[in-house]
Amino acid sequence: MSEGRALSLTAFLTLLLVGLMMGANHVAARVAFGSGLDVATAVAVRSGVTALVVGLLIGFGRVTLVSLSSRQRKMLLLIGCLIGLQSQCLYSSVARLPVALALLAFNTYPLFTALWDRVLYKNEPSRAMVLAMPVILMGLGLALDVLGAASGLGASTQWAQMGAGVAFALAAASSFGLALILTQHETQGLDGRWRTVFNMGTACVIALAVIGLHDGPHWPGSTAGWFGLAALSFLYGTAFTIMFTVLPKFGAASYSAIMNVEPVCALALAWLLLGQSIAPVQVLGALMPPVNIEIGNKSYDSEKDSSQSDNFVKIVEGDITQGVVDGDIYMKPSKGIIHVAYNDC
C-alpha cells in the first residue's frame, strides 16, 4: 500500500482516545459478563443503542444519504456482517481470557488489515507495517505465554485453558481487518455516521438472531452489571463512530496499528477495577522488539559478576533468556534496546 498522508497531531490523539475508549469498553463488558450478561445480549444492546443514537443525530443534523451504487450497498451489508461477527468473537474472547490478553491477541488486526489489502486490492503494505509485523507477532507470542513458561503449566495445559479464547480473538481480528479495508475502499463518499448506522444495525440483527437460537436474552443480575452494560454501550458506540469516520481518511492499513494502545489501557483498567493481572514477562512481551542483546544492567560489575549473573541480561529475538531488565538495558547508548531497535529499522 502506498504510504498515504502523514497523520496530523489531532488525528493521532483522536485515535489514541479511541484506543482508550475501546479498552474501557471491554473492561465494562467483563464486569457485565460476571453479573450474568451473555455475549449476544451485550452485542445486541450495544449495537442497537449505537445505531439509534447515531440515527437520531443524523436526523437532527439533516445529514444527507448519498446515492449508493449496487456494489456499495452489497459491501455495506458485508461490512455490517463482519462487524457483527467481530463483536461476537471478541466478546467471547474477553469472557474467556484476561481482558488485556484477549485484546493483545485481537490487536493483531493490523496484520490482517495489511493482508486483506494485499490480497483484495494488490496494495503493498507500508514500510512501517512491514517493520511492525515481526514485533507484533513476537510480542504476542511472549504475552500469551505460548509455551506455558510464565504460568508453569506447560504448553498443552496452557493452550487447553486459553486456546478457545485466543481463537475467538484472532477470528475477530481477521474479520475486523477485512471490515476496515472494505470500508476504506468500498464506501468512499458515505458519511461516517451513516456507516455506523448501517454497521451497527446489521450487527444488532445478527445478535438478535443468535439470542433467538439460545433461548432469549440473559441480563445482568446486579447493579454493577447494569452499569457495565450501559458503559460498554456508550464507550463502544462513541469510539466506533470516531473510528469509522477518521480511519478511512488516512488509510486503515498504515495507521490502524496506532490504536494498539487499547490493550495497554485495558491492562491498567482491568488491574484497577477487576483485580486482573498477568505475569511481568507477558506485559513486556507486548512491548519488546525482536532484538538480540547481551549487556550488563546498572548493577553489573565486570570484575565481580560473570556472564551467567542475573545482572547480565541476554535477549534473543525479543525473548529475555537471562537477567534483570532495568532502565540501563533500554537507554544505554549504542547498546540499549531502544538504540539497537532504532538501528535495525
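About the cut-offs
- Residues numbered from 1 in each chain as written.
- Predicted model: local features only at pLDDT ≥ 70, side-chain atom pairs only at ≥ 80, totals over all residues.
- Heavy atoms only, no water.
- Helix = DSSP H or I, 4+ residues; strand = E, 2+ residues; numbered from the N terminus.
- Buried < 20%, exposed > 50% of the residue type's maximum accessible area, 1.4 Å probe, protein only.
- Contact = heavy atoms within 4.5 Å.
- pLDDT = per-residue confidence, 0-100.
- Core = buried A, V, L, I, M, F, W, Y, C linked by side-chain atoms within 4.5 Å.
- Expected span 1.5 Å × (residues − 1).
- Salt bridge = Lys/Arg side-chain N within 4 Å of Asp/Glu carboxyl O.
- Polar contact = N/O pair within 3.5 Å; in protein donor to acceptor, adjacent residues only side chain to side chain.
- Axes fitted to C-alpha atoms, helices over the stretch in contact; angles between N-to-C directions.
- Parallel < 35°, antiparallel > 145°, perpendicular 65-115°, else oblique.
- Nonpolar A, V, L, I, M, F, W, Y, C, P; charged D, E, K, R; others polar.
- Phe/Tyr/Trp six-rings, centres within 6.5 Å; stacked < 30°, edge-to-face > 60°.
- Left-handed = near helix turned anticlockwise from the far one by under 90°.

To continue, consider the overall build of the protein. The helix and strand inventory of the protein stands at 14 helices and three strands. Buried residues in the protein amount to 48% of all 345 residues. Taking as baseline every contact in the protein between residues at least 6 positions apart, the subset at least 24 positions apart corresponds to 80%.

Turning our attention to the confidence of the model for the protein. Here the protein shows a mean pLDDT of 76. Residues at 70 or above account for 66%. At the level of individual helices and strands, the protein shows its lowest average pLDDT in helix α10 (residues 252-255), which scores 48, and its highest in helix α3 (residues 70-94), which scores 93. Long-range and interchain partners of residues 1-5, a stretch whose pLDDT sits below 50, account for 19 contacts in this model, where long-range means more than four residues apart.

Counting 51 residues, the largest nonpolar core has Phe 33, Leu 37, Ile 83, Tyr 91, Phe 106 and Leu 232 as the members making the most contacts within it. Residue assignment for this core shows that the elements contributing at least two residues are α1 (9-33), α2 (39-61), α3, α4 (99-106), α7 (155-186), α8 (192-213) and α9 (223-250). The element contributing the most residues to this core is α7, with 10 residues.

Further remarks concern α2. Spanning 23 residues, α2 covers 33 Å between terminal C-alpha atoms, matching the ideal 33 Å at 1.5 Å per step. Those residues of α2 that fall on the buried side of the exposure criterion are Val 39, Ala 40, Thr 41, Ala 42, Val 43, Ala 44, Arg 46, Ser 47, Thr 50, Ala 51, Val 54 and Ile 58. Immediately beyond the C-terminal end of α2, within one or two residues, lies Arg 62, with a positive phi of roughly 55°.

Moving on to the side chain of Ser 233. Following the sequence through the fold, Ser 233 ends up in helix α9. Residue Ser 233 is classed as buried on the basis of its relative accessible area, which comes to 8%. If sequence neighbours within four positions are ignored, Ser 233 has contacts with Val 45, Arg 46 and Thr 50.

Here the structure, examined in full by the defined rule, presents three salt bridges. In this structure, Glu 124 engages Arg 118 in a salt bridge whose closest nitrogen and oxygen atoms are separated by 3.3 Å. Look at Arg 118 and you get partly exposed, because its relative accessible area is 35%.

The topology assignment puts Thr 41 in helix α2. A distance of 2.3 Å separates a polar atom in the side chain of Thr 41 from a polar atom in the side chain of Asp 38. Not counting the four nearest positions on each side in its chain, Thr 41 is found in contact with Ile 211, Pro 217, His 218 and Trp 219.

For the rest of this paragraph, the subject is α8. Here α8 is 22 residues long and its end C-alpha atoms lie 32 Å apart, about the 32 Å a rise of 1.5 Å per residue gives. By the N-cap criterion, in which a side-chain oxygen at the helix start approaches the backbone nitrogen of a residue two or three places on, α8 is capped by Asp 191, the distance to Arg 193 being 2.8 Å.

Attention now moves to the packing of α3 against α4. Packing of α3 against α4 brings their axes to within 8 Å, and their N-to-C directions diverge by 140°. It follows that α3 is oblique to α4 by the angle criterion. When α3 is examined against α4, the residues Gln 86, Leu 90, Ser 93 and Val 94 are found in contact with a partner set consisting of Val 99, Ala 102, Leu 103 and Phe 106. Here the contact of α3 with α4 is composed, by residue class, of six nonpolar, two polar and no charged.

The next thing to look at is unusual backbone geometry. Excluding glycine, a negative phi dihedral is what most residues carry, and trans is how most peptide bonds are arranged. At Arg 62, a residue that is not glycine, the phi angle is positive and equals roughly 55°. With respect to the element layout, Arg 62 can be found in the loop between α2 and α3. A positive phi angle is found at Lys 122, which is not glycine, with a value near 60°. Along the polypeptide, Lys 122 turns up in the loop between α5 (109-121) and α6 (127-143).

Within this structure, the stated rule accounts for six aromatic pairs. Centre to centre, the rings of Phe 33 and Tyr 91 are 5.5 Å apart; their planes meet at 80°, and the pair counts as edge-to-face. Of this pair, Phe 33 sits in helix α1 while Tyr 91 is found in helix α3, placing the two residues 58 residues apart along the sequence. Between Trp 219 and Trp 226, the ring centres sit 5.7 Å apart and the planes meet at 15°, which makes this aromatic pair stacked. You can call Trp 219 partly exposed: its relative accessible area is 42%.

Relative to each other, α3 and α8 sit at 55°, their axes nearing to 8 Å. Put simply, α3 runs oblique to α8. Along this stretch, α3 crosses α8, giving a crossing that reads as right-handed. Residue-level contacts link Leu 76, Leu 77, Ile 79, Gly 80, Cys 81, Ile 83, Gly 84 and Gln 88 of α3 to Phe 198, Asn 199, Met 200, Thr 202, Ala 203, Ile 206, Ala 207 and Val 210 of α8. Partitioning the contact of α3 with α8 into residue classes produces 11 nonpolar, five polar and no charged.

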